[in-house]
Amino acid sequence: MNQKLVVSPSPHVHSGDSVSKNMYGVIIALIPALLASLWYFGIGALIVTLTAIAACVLFEWVIQKYLMKATPSISDGSAALTGLLLAFNLPTNIPIGLIIIGAAVAIGIGKMSFGGLGNNPFNPALVGRVFLLISFPVQMTSWPVPVASRFQYLDATTGATPLSVMKEGLSSGASFSEIMSEIPSYLNLFMGNMGGSAGEVAGIALVLGGLYLLVRKIITWHIPVSVLGSIAVFTAILHFSNPDDYAGPLFHILTGGVLLGAFFMATDYVSSPMSRKGMLLYGVGIGVITVLIRVYGSYPEGVSFAILIMNAFVPLIDRYMKPKRFGEKIKAAKVQKQ
Amino acid sequence: MLKTFSIGGIHPADRKISADKSIEVLPLPKRVVVPVAQHIGAPAKTEVKKGDLVKAGQVIAKSGGFVSANIHSPVSGKVFKLDEVVDASGYRKPVVIIDVEDDEWEESIDRSETLKTEITISSEEIVKKVGEMGIVGMGGATFPAHVKLAPPPGKKCEVLIINGVECEPFLTSDHRVMLEKGDELIVGIRILMKALKVDRAVIGIENNKPDAIKHLSQLADKEQGIEVQPLKVQYPQGGEKQLIDAVTGRQVPSGKLPIEVGAVVHNVGTTLAVYEAVQKNKPLIERVVTVTGPGVSKPSNFLARIGTPVSQLIEAAGGLPDNTGKVIGGGPMMGKALSNLEVPVTKGSSGILVFPHEEAHRKPMENCIRCGKCVSVCPMGLEPYLLMIETEKELLDRAESDNIMDCIECGSCSFTCPATRPLLDYIRLGKGKVGQIIRNRN
C-alpha cells in the first residue's frame, strides 16, 4: 500500500458534539421567549434584540481580529448568544446607544478581557446588564406596558413591574393579597402579560425552552431545580409565617428574571461549577441571594446580582466540591442474589 | 430496570456489523512473528534459537516470573530468526519468527471437537495448568490469568464474574464465542469456579446481545450456581471495576484489586482458553479476532493463530479498502492505531478495525467551555478537564491528589468533549509522570 496510515492515541471516535452545537442549541431554546417578546413588546423588542446581537458579534470580531490578532470565531454562536441574552435583560424602550455600550461592556470587559470564550469568570450578558443598570438607572427601570406598546419604541407607554409594585406596596403597609388584586393574575404572569425586560416576562416560553435544553442534554436539571427550589422554599417559609408582609413563592418565581435566570443565565457553562454537587450549591446560593435582595434589599429584583455573586464563588466551589470518586464508599451490601 | 454501573458512562453507536458472521478458521500464514512479551508483567525468556524445529503448542519462551506467562509456538516449522520488531504498541519488542511448515501439533494436545465436561484435576493443578498454558486476559489487558486464580492469603473470592460485555463498538469476537462455544464456556466457568473455590458465577452480558443472553441462560439453567446477568448497554461496562459495580453493586476502592470486594473477573475468551487448556491440554496459540470497519467488504470473525500478520487478516476480510486512513488494533475507544500492517496478532488482539480517511482524523481543539460533560461521563468520578490542566501546568502533586492514577483510559472524556480537547492524551502523560514520582518515592 502506498498511503500512510494515521496514527493517533485512542479514542478514535467522537460523539459529534461541538461548541457551536451547544451554543446554537441554547439560541434555539430561546426562540419561544423571543417570539413572546415580539408579541408583547413588538417593534421595541425587535430593535433591541437585533442591535444587541449585531453589536456583540461585531465587538467580538473586532477585538479578536485587531486586538488579539487571532482568527475570529464568531461563527461558534457564543457572541450571538451573549447578544440575545443581553437583549432579553433590557427594557424594550432602551436607546440604541445604551445597547451598544452594554454590548461593548459585555463582550469587551465581560468576555474578551479574560481571554475569550471559556475564560470569563462572570456571565458576560449579566456584566453588560448590571453595568447599564448601575450607570443608567432611569432608562434601565422604565418598563413598556405589554401589548399596548407594540408599535412604540422610545416613546413607549411605561408602567411598573409586578416586583416594584409589590416592593412599594409592602413597604407602604399594604398586605400581599391587597397588592395581588392590583397586578396581573398568576395566569397572566405565567403567560408573560406584564412589564419587564424583553425576554424575561413569558414564563411559559422560558419553561418550554428550558425543557428543550434538558431534553437535548445541553444542561442538566441541577442548576434550574436548585435555583427555583431554593427560591420557592425560602419565600414559602417567609410567606406562610407571615402571609400579609411577604409575597408567596409562586409570585416570586413567575416575576422578574427568575425563570430566565434559572434556565438560561445561571446555567451558562463557563461561569458555573463543573460537578453536580457544586451545581446544587451554586443554585441554592443564587436562590437565597435573590430572595435576600428582593425582600431585604433596596432593589426590587436581584437575580442578576445573585448570579454574578455566585459566579465569583465558582472557582472555590470547583476546588472543594469534587465529584464522588469511584470506590470512595465501599458498599457494605452483600452480593445480591437475583 | 436493567443493572449497570453507577457513575458516568457514554453511549457510542455500537456498529457491530460483524455480529452475525460465524467464526471462520483463518488459513495458516507462511510465517509468524511471535512476541515474547504478550502480557502485563515480566517478558518470557526465549528458549529456542535460529534453525530449531518446533511443533504447534511447544513452549518457545518460558515465563519470566510469577506475573508472566509462557509463550508457545502457534505453528509447526523452523525458527527463522530471533529479532526485534515494532508491535502494536509502537515499540520494538523481542520476537521469535517462525517459518511455517505443515501443521504438526504436540501429541499431548487433544484437537478433537468432543466436549469434555468432567473436571478431573484439583484446584491447585488447575491454577498451575492455566499458568503453564500461557493463558492471559484476552479482553485486551493481557494480565496473566493464573495470578487472578490465586487470591492473596486472607482474601476470599465470593463471586466469579465472566465478562461477556464487549462494550467496545464494532468488536464481536466475544459475542461469537458466546454463541458458538457456549457449552465449552460453561465447562470453563466450572473450572474457574473450582480453582477459586467459589460457588457462584455470574456472566455479565449487555442487552444488545439478546441471542447470547438467551443461549447462555438456557445452558446456565442446567448448572448449579451459574447465572446470566443482562446489563443495560453503557460504555465502559467491560471495564473490570465497572462490571463488578454493575453486577454486585460493590465498588473496588482506589488502587485496590477486585478481590478486595470478593470478586474475580475473567473475559469469555479467557474462559474458553481455560477450558481448552485444562480439558484439552491446549496452550493459548490461537484466538478469535474480529476484522471490521465501515469500508471492509467482508467483515468477519476469524480464528487466527497468534503471530499472524494483521495484513493477512485484512486480506481475508476482503482486502484493505482504497480510502483507508487508519487501522486500529482493538476497538475504536481503547484500541491502538497501527503504524504498519505487518504487526502480529497477539493474545490480547480482540479486533482489527479499518477506518476510512473521513473517520481517521481528529477535529482541531477549541477552548474548554467548562460544560462539565467530561466530569459527568467519567466512570471513575474524576475531573478530566482539571487533570488535563494540571498535567499541562506540571501541577503533578495536585493531579495525584485529584486521583489521576485511577483513570482507566476508557476515553469517555475525549469522546464526549464538545471542544474536542485531547483530554485523555494529557491524562496519560500525567499518569506517566505521576507514576514515576510514586515509584521514586517508594
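Residues numbered from 1 in each chain as written. Chains lettered and ligands numbered in written order. Predicted model: local features only at pLDDT ≥ 70, side-chain atom pairs only at ≥ 80, totals over all residues.

**Q** What should I look at first to understand the overall build of chain A in this one?
**A** Assigned secondary structure in chain A consists of 15 helices and 2 strands. Relative to the 2.2 N^0.38 estimate, which gives 20 Å for 338 residues, the radius of gyration of chain A is 22 Å and therefore close to what a compact globule would have. C-alpha atoms of chain A, sized along the principal axes, occupy 80 × 60 × 35 Å. Expressed as a percentage of the 338 residues in chain A, the buried residues total 51%. In chain A, of all internal contacts separated by at least 6 residues, the share reaching a separation of at least 24 is 73%. (Helix = DSSP H or I, 4+ residues; strand = E, 2+ residues; numbered from the N terminus. Rg over C-alpha atoms; globule rule 2.2 N^0.38 Å. Buried ≥ 20, exposed ≤ 12 C-beta atoms within 10 Å, placed from the backbone. Contact = placed C-beta atoms within 7 Å.)

**Q** What am I meant to see in the interface of chain B and chain A here?
**A** Interfaces are often sized by the accessible area lost when the parts come together. Across the contact, 58 residues belong to chain B and 35 residues belong to chain A. At the level of elements, helix H6 (240–248), strand E15 (324–329), strand E16 (336–337), helix H13 (412–416) and helix H14 (423–441) of chain B are the ones that each hand at least two residues to the side of chain B that touches chain A. The biggest single contributor to the side of chain B that touches chain A is E15 of chain B, with 4 residues. Tallied by class, residues from the side of chain B that touches chain A come to 29 nonpolar, 16 polar and 13 charged. (Nonpolar A, V, L, I, M, F, W, Y, C, P; charged D, E, K, R; others polar.)

**Q** I'm lost on the sheet that holds strand E5 (residues 59–62) of chain B in this one. Help?
**A** All names here are of chain B. One open sheet holds the 3 strands; their spatial order is E3-E5-E6, and the pairing between them is antiparallel. Every interior strand has two partners, whereas the edge strands, strand E3 (45–46) and strand E6 (71–72), have only one. Pairing of E5 with E6 involves 2 bridges; the strand directions are antiparallel. Within E6, the position partnered with Val-59 by the bridge is His-72. (Pairing = 2+ DSSP bridges.)

**Q** Looking at this structure, I do not really get the nonpolar core. What am I missing?
**A** In summary, soluble globular proteins display a tendency toward joint burial of nonpolar side chains. Grouped together as the largest cluster of nonpolar side chains are 231 residues, with contacts concentrated most on Cys-56 of chain A together with Leu-160, Ile-161, Val-274 and Leu-313 of chain B. With 15 residues, helix H2 (residues 31–67) of chain A is the single largest residue contributor to this core. Discounting residues that sit within four places of it in the chain, Ile-161 of chain B has contacts with Val-202, Gly-204, Leu-243, Ile-244, Val-247, Ala-263 and Val-265 of chain B. (Core = buried A, V, L, I, M, F, W, Y, C linked by C-beta atoms within 7 Å.)

**Q** Just checking my understanding: could you explain the domain arrangement of chain B for this structure?
**A** All names here are of chain B. Domain assignment breaks chain B into domain 1 (27–103 + 285–357), domain 2 (123–280) and domain 3 (373–441). Taking only C-alpha atoms, the centre of domain 2 and the centre of domain 3 are 29 Å apart. On the domain 3 side, the residues contacting the 5 residues of domain 2 number 6 residues. Here the side of domain 2 that touches domain 3 is built from residues that sort into 2 nonpolar, 3 polar and no charged. (Domains from an automatic or database assignment.)

**Q** Before we go on, may I ask you to explain the environment of Ala-195 of chain B in this structure?
**A** Residue and element names in this part refer to chain B. Take Ala-195: it is sitting in helix H4 (residues 182–196). Residue classification places Ala-195 among the buried residues on the basis of 29 C-beta atoms within 10 Å. Separated by 148 residues in sequence, Ala-195 and Glu-47 place their C-alpha atoms 29 Å apart. Apart from residues lying up to four places away in sequence, Ala-195 is in contact with Ser-123, Ile-126, Val-127 and Leu-149.

**Q** Is there a simple way to explain helix H14 (residues 276–296) of chain A in this structure?
**A** The α-helix advances 3.6 residues per turn, and as a result positions three or four apart in sequence lie on the same side. Residues and elements named next belong to chain A. Taking 1.5 Å as the rise per residue, H14 with 21 residues should run 30 Å; its terminal C-alpha atoms sit 30 Å apart, in good agreement. Buried within H14 we find Gly-278, Met-279, Leu-280, Tyr-282, Gly-283, Gly-285, Ile-286, Gly-287, Ile-289, Thr-290, Val-291 and Arg-294. As for H14, its buried residues are in contact with helix H11 (222–241), helix H12 (249–254), helix H13 (258–265) and helix H15 (303–320). (Expected span 1.5 Å × (residues − 1).)

**Q** What's the story with the domain arrangement of chain A in this structure? I'm lost.
**A** Residues and elements named next belong to chain A. Taken domain by domain, chain A comprises domain 1 (19–139) and domain 2 (160–319). Averaged C-alpha coordinates put domain 1 and domain 2 at centres separated by 21 Å. Between domain 1 and domain 2, the residue contacts involve 32 residues of the former and 30 residues of the latter. Contributing elements (two or more residues each) for the side of domain 1 that touches domain 2: helix H1 (19–29), H2, helix H3 (78–88) and helix H5 (124–135). At 11 residues, the largest contribution of residues to the side of domain 1 that touches domain 2 is made by H2. In the side of domain 1 that touches domain 2, the residues fall into 22 nonpolar, 9 polar and 1 charged.

**Q** Looking at this structure, how should I read the confidence of the model for chain A?
**A** Detailed reading of the predicted coordinates is not advisable wherever pLDDT is low. Scored by pLDDT, chain A comes out at a mean of 93, with 96% of its residues at no less than 70. Low confidence marks residues 331–338 of chain A, where pLDDT is under 50. Its contacts with residues over four positions away, or in another chain, come to 9 contacts. (pLDDT = per-residue confidence, 0-100.)

**Q** Teacher, can you tell me more about unusual backbone geometry here?
**A** As a rule of thumb, non-glycine residues mostly have phi less than zero, and peptide bonds are mostly trans rather than cis. The peptide bond linking Ser-10 of chain A to Pro-11 of chain A adopts the cis configuration, its omega dihedral lying at 0°. Of note, Pro-11 of chain A is situated in the segment before H1. Cis rather than trans, the peptide bond between Tyr-235 of chain B and Pro-236 of chain B has omega equal to -5°. Inspection of the secondary structure assignment puts Pro-236 of chain B in the loop between strand E11 (226–231) and H6.

**Q** Which parts of the structure should I look at to understand the packing of H3 of chain A against H5 of chain A?
**A** Each packed pair of helices is defined by two parameters, the angle between the axes and the distance between the axes. All names here are of chain A. Interhelical geometry of H3 versus H5 gives an angle of 40° and a closest axis separation of 8 Å. Between H3 and H5 lies a crossing whose hand is right-handed. On the side of H3, the interface is formed by Thr-82, Leu-85 and Leu-86, while H5 contributes Pro-124, Ala-125, Gly-128 and Arg-129. The class makeup of the residues in the contact of H3 with H5 is 4 nonpolar, 2 polar and 1 charged. (Axes fitted to C-alpha atoms, helices over the stretch in contact; angles between N-to-C directions. Left-handed = near helix turned anticlockwise from the far one by under 90°.)

**Q** Can you help me understand the packing of H4 of chain B against helix H5 (residues 210–221) of chain B in this one?
**A** Residue and element names in this part refer to chain B. Running from N to C, H4 and H5 cross one another at 50°; their axes reach a closest spacing of 10 Å. Overall, the two elements H4 and H5 adopt an arrangement that is oblique. The element H4 and its partner H5 pack so that their crossing is right-handed. Between H4 and H5, the contacting residues are Gly-182, Asp-183 and Ile-186 on the first element and His-215, Leu-216, Leu-219 and Ala-220 on the second. Each residue belonging to the contact of H4 with H5 can be placed in one class, and the counts come to 4 nonpolar, 2 polar and 1 charged. (Parallel < 35°, antiparallel > 145°, perpendicular 65-115°, else oblique.)

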